[in-house]
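Analysis of the macromolecular model
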Amino acid sequence: YCSHDHRTLDWDGIHEKICGAISVIRGPAGDKVGSDEERAARENELHDFRMALIEAAKNEAMRYLARGDFELAIPGALQALRHSAQVFGSGRLELIPHYLLLAEANMGLDRHKQAEEYLSLANWAVVKTPDVGLDVRSQLHRNFGKLYASQGRHEEALQQLAHDVYYSSLMVGPEHIDTCAGYYSMGNVFYSLQANEACFGFYALVVDIWKAFLKSENCKEELTEPKREEGIEVLSRILEKRASYLGQEHLDVAEVHLTLGLLHEICAERLAAKEQLTLAVDLYERNLGPNHETTIAAKEARARALDMSPTS
């Protein structure tokens, strides 16, 4: 490590969580002893450990990214990239998700040159693999869009994000929470341009998609930890901007409080759900009255939150 801070970042970011798997992989070599069957079993075991390590490191990086902890996201993404290269070889399609994670983390730290380098590596891998999946194409365009937006290249950013939404829509549909990440990024570009009608139109679409998802039957099964972190981050940012632009008492502000409350409820986070749903109920009562169907629905959601275990 080049510094104590660097070592601490690596430990906090990922090393603490994968230390055991790394110890197994770096353990005494068993490929030169035993029978062919024993050596093959050892190789299979190491492969499984590497694949588990890659998945764990990638998930940790995604979780930190969703929370905006960009420095802590980098060690996990680097570990995932390093071990993927050992398993699959350099420049392979399987490395692209890790290039994209590193690009996004560096963008969050305003390291645009490093971000562009990782995106170029990902793009080159895509060029060499014409049948690359829609999810990879979507993520690649999304990250190029974010990069161009951070550089003030707004028109190019919107073009890239439109491609992101297109590929994501082909894969999961235009009203899926995975697709609405592209809508949110487009809203941010219009926010930078002070095009408020377009900006808040995209934000409204994001809130509507999340609210519909949280009321669906399968949301608990589909809501991964990185997606939960992303939802909280995105909805909280939209809440801040709506409250600033429309005022704290606006109905659209109540809607975001409600959606955040539903998200915390699904995640069994009682106190956070109660706080957001109480704010929503108060605003709905003042704007719509206590007997409006929207107010009643918010009250029912708050009652469910209050009935949850007080330890959550």
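What this report covers is the structure whose coordinates are included nearby. (Residues numbered from 1 in each chain as written. Predicted model: local features only at pLDDT ≥ 70, side-chain atom pairs only at ≥ 80, totals over all residues. Heavy atoms only, no water.)

1. Observations regarding the packing of helix 12 (residues 251-266) against helix 14 (residues 293-307)
Heads up, the condition is: Angles run from 0 to 180 degrees between N-to-C directions of axes, and those axes are lines fitted to C-alpha atoms, restricted for helices to the stretch in contact. In this text, helices come from DSSP runs of H or I with a minimum length of four residues, and strands from runs of E with a minimum of two, each type numbered from the N-terminal end. We call two directions roughly parallel when the angle between them is under 35 degrees, roughly antiparallel when it is over 145, roughly perpendicular when it lies between 65 and 115, and oblique otherwise. Should the near helix be turned anticlockwise from the far one by less than a right angle, the crossing is termed left-handed; should it be turned clockwise, right-handed. Any two residues having at least one pair of non-hydrogen atoms within 4.5 Å are treated as being in contact. Amino acids outside the nonpolar list (Ala, Val, Leu, Ile, Met, Phe, Trp, Tyr, Cys, Pro) and the charged list (Asp, Glu, Lys, Arg) are all regarded as polar, and Gly is one of them.
Running from N to C, helix 12 and helix 14 point in directions that differ by 30°, and their axes come no closer than 10 Å. As judged from the angle between their axes, helix 12 and helix 14 are roughly parallel. Remark: the crossing between helix 12 and helix 14 carries left-handed chirality. Facing helix 12, whose interface residues are Leu258, Leu262 and Glu265, helix 14 presents Ala298, Ala301 and Arg304. Its residues assigned to classes, the contact of helix 12 with helix 14 shows 4 nonpolar, no polar and 2 charged.

2. Looking at helix 9 (residues 196-214)
How we decide: To estimate the expected span of a helix, count its residues, drop one, and scale the result by 1.5 Å. Classification of residues uses two cut-offs on accessible area relative to the type maximum, computed with a 1.4 Å probe and protein chains only: under 20% is buried, over 50% is exposed, and between them is partly exposed.
Between its terminal C-alpha atoms helix 9 stretches 27 Å, which fits the 27 Å expected from 19 residues at 1.5 Å a residue. Cys199, Phe200, Phe202, Tyr203, Val206, Val207, Ile209, Trp210, Lys211, Phe213 and Leu214 are the residues of helix 9 that are buried. For helix 9, the secondary structure elements touched by its buried residues are helix 8 (177-192), helix 10 (219-222), helix 11 (225-246) and helix 12.

3. What to know about the nonpolar core
This is how the line gets drawn: Residues belong to a common nonpolar core when they are buried Ala, Val, Leu, Ile, Met, Phe, Trp, Tyr or Cys residues joined through side-chain atoms within 4.5 Å.
Counting residues in each nonpolar core, the largest one holds 76 residues, and the members touching the most others are Val206, Trp210 and Ile238. Of all the elements, helix 9 adds the most residues to this core, at 10 residues.

4. Some thoughts on the packing of helix 3 (residues 70-88) against helix 4 (residues 96-108)
Packing of helix 3 against helix 4 brings their axes to within 9 Å, and their N-to-C directions diverge by 160°. Accordingly, the angle class assigned to the pair helix 3 and helix 4 is roughly antiparallel. Pair helix 3 / helix 4 crosses with left-handed handedness. Residue-level contacts link Phe70, Ala73, Ile74, Ala77, Leu78, Ala80, Leu81 and Ser84 of helix 3 to His98, Tyr99, Leu101, Leu102, Glu104, Ala105, Asn106 and Gly108 of helix 4. Considered class by class, the residues forming the contact of helix 3 with helix 4 number 11 nonpolar, 4 polar and 1 charged.

5. Some remarks on the pattern of salt bridges
The criterion, for reference: When a carboxyl oxygen of Asp or Glu is within 4 Å of a side-chain nitrogen of Lys or Arg, the pair counts as a salt bridge.
As enumerated under the stated definition, the model contains 20 salt bridges in all. Arg228 is the partner of Glu229 in a salt bridge, and the nearest nitrogen-oxygen pair spans 3.3 Å. Here Glu229 matches Arg228 in class, with each residue buried. Taking the shortest distance from any N to any O, the salt bridge between Glu265 and Arg304 comes out at 2.7 Å. With a gap of 39 residues between them, Glu265 in helix 12 and Arg304 in helix 14 connect regions that are remote in the sequence. Several salt bridges converge on common partners, so that one network encompasses Glu225, Arg228, Glu229 and Glu269.

6. Remarks on helix 12
Look at helix 12: 23 Å from first C-alpha to last across 16 residues, which is about the 22 Å you get at 1.5 Å a residue. Buried residues dominate helix 12, accounting for 14 of its 16 residues. Remark: Ala268 follows helix 12 within two positions and exhibits a positive phi of approximately 60°.

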